Amino acid sequence: MTVQVVFVHGIRTSATMWRAQLAHLEERGNPAVAVDLPGHGTRRGEEFTLDEAFATIDRAVQDAATRGPVLLVGHSMGGLLCIEYVGREDPPPVAAFIAASCTSIPRGVGLAAYRFLARRFDSLPDRGLGLTNRVLDRTLPPETRPDFGAGGYAFEAQDTALASLSVLDLLASLRRIEVPLWFINGQWDQLRANEKLFVSVAREAELIVVPRTTHLVTAMRPRVFNALVDVALTTVEATT
């Protein structure tokens, strides 16, 4: 059976951030779906809740699992949610898992500082969009530059989503994960704070750090990220 892939995006962005990966998998012959979490993308205006975020991931995974083994790929906030999801006491039908740009525990001073900065940007006349666009123009290649914001930015859901992450028990979840797991981080990713801890706790984990790359590793180095997705797919194919 062909390996199925489910993608979960990060905060503020949407399913469109995965366009390069979806195109690559279509060429490779692996069915794939990228979901929009509540309050994001096609679901902007909807309230963000953890329950519905997990339900969204679960619907996509359960549906994909009817057609083959599932590789789950999450980025940033999506990666944190997927850690909690894959590490449930009653594990979902996930054969392998890529957690990208999410090796930081969202609590305490770090989370408070992130929320403070997000609110400051949100208070600007353009909600910080001008600065965001300038940074993306300078750091992302032309092939993926439009993808990050193509589904719009979930400004209204951002603070609620950030606050909700503090209840996640990521270390307990990581200890329960028994499928192959890859942590993929950019060298300059600000969310590498607990990288060593995450790797030490997760029993089946491998860490891959992509040189000269920021938090947006999927879009900044799409060919590298796609190659790492291929590694995960080959691993699943070899064991099923």
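Before any of the text, the structure's been laid out above.
If you're wondering where the values come from, they're calculated on a predicted model, not measured in any experiment.

What counts and what doesn't
- Sequence order as written defines the numbering, with residues in each chain counted from 1.
- Where totals are concerned, whole chains, interfaces and linings use all residues; where local detail is concerned, this predicted model gives features only for residues with pLDDT of at least 70, and gives and counts side-chain atom pairs only at 80 or more.
- The basis for every side-chain value is the complete set of heavy atoms in the structure, and neither hydrogens nor water enter the calculation.
- Helix and strand definitions here come from DSSP, where helices need a minimum of 4 consecutive H or I residues and strands a minimum of 2 consecutive E residues; each element is numbered from the N-terminal end.
- When a residue's accessible area, from a 1.4 Å probe over protein chains only, is under 20% of the maximum for its type it is buried; when over 50% it is exposed; and in between it is partly exposed.
- Multiplying 1.5 Å by the residue count of a helix minus one yields the expected span of that helix.
- At least two DSSP bridges between two strands are needed for those strands to be called paired.
- Fitted lines through C-alpha atoms give the axes, limited to the stretch in contact for helices. The angle between two N-to-C directions lies from 0 to 180 degrees.
- Residue contacts are defined here by distance: any two heavy atoms, one from each residue, within 4.5 Å place the two residues in contact.
- One speaks of a salt bridge when a side-chain nitrogen belonging to Lys or Arg is within 4 Å of a carboxyl oxygen belonging to Asp or Glu.
- Crossover handedness is defined here as right-handed if the route from the first strand over the helix to the second strand goes clockwise, with the strands pointing away from the viewer.

Peer 1: An account of the environment of Gly29 is requested, with residue identities and associated values reported.
Peer 2: Structurally, the position occupied by Gly29 is in the loop between α1 (19–28) and β2 (32–35). Note on Gly29: relative accessible area 45%, which makes it partly exposed. Taking the C-alpha atoms as reference points, Gly29 and Gln4, separated by 25 residues in sequence, lie 9.7 Å from one another.

Peer 1: Describe in detail helix α10 (residues 222–239), supporting the description with residues and values.
Peer 2: Taking 1.5 Å of rise per residue, the 18 residues of α10 would be expected to cover 26 Å, and the 26 Å separating its terminal C-alpha atoms lies within 8% of that figure. Of all the residues in α10, the buried ones are Pro222, Phe225, Asn226, Leu228, Val229, Asp230, Ala232, Leu233 and Val236.

Peer 1: Break down the sheet that holds strand β1 (residues 4–8) for me, citing the residues and quoting the values.
Peer 2: Within the open sheet, the 6 strands sit side by side as β2-β1-β3-β4-β5-β6. Their pairing is parallel. Each of the sheet's edge strands pairs with one partner strand only, and the pair in question is β2 and β6 (205–210). On average, each strand axis in the sheet is inclined to that of its neighbour by 15 degrees, with strand direction left out of account. Note that strand β5 (residues 181–186) and β6 share 6 bridges and pair parallel. In the sheet register, Asn185 faces β6, and the bridge partner there is Val209. Across the face of the sheet, helix α3 (residues 77–86) comes into contact with β1, β3 (70–75), β4 (96–100) and β5 while running at roughly 135 degrees to β3.

Peer 1: Give me the lowdown on the pattern of salt bridges, citing residues and values where you can.
Peer 2: According to the stated counting rule, one finds 11 salt bridges in the structure shown. With its nearest N and O atoms 3.0 Å apart, the salt bridge here joins Arg67 to Asp63. Judged by its relative accessible area of 42%, Arg67 falls in the partly exposed class. Of the charged contacts in the structure, one is a salt bridge between Arg192 and Glu195, with a shortest N-O distance of 2.7 Å. In the salt-bridge network here, residues are joined through shared partners; they are Arg43, Glu46, Glu52 and Arg59.

Peer 1: So what about the side chain of Thr16? Which residues, and what values?
Peer 2: Along the chain, the position of Thr16 falls in the loop between β1 and α1. For Thr16, a relative accessible area of 16% corresponds to the buried category. With near-sequence residues (within four places) excluded, Thr16 lies in contact with Asp147, Phe148, Ala150 and Gly151.

Peer 1: Outline the pairing of β1, supporting the account with residue identities and numerical values.
Peer 2: Summarising burial for β1: 5 of the 5 residues are buried, a large majority. Burial along β1 is two-sided: Gln4, Val6 and Val8 and Val5 and Phe7, pointing in opposite directions, are all buried. With 5 bridges joining them, β1 and β3 adopt parallel strand pairing. Looking at β3, one finds that Gln4 is bridged to Val70. Taken together, β1, α1 and β2 form a β-α-β motif whose crossover is right-handed.

Geometry only, nothing functional implied.
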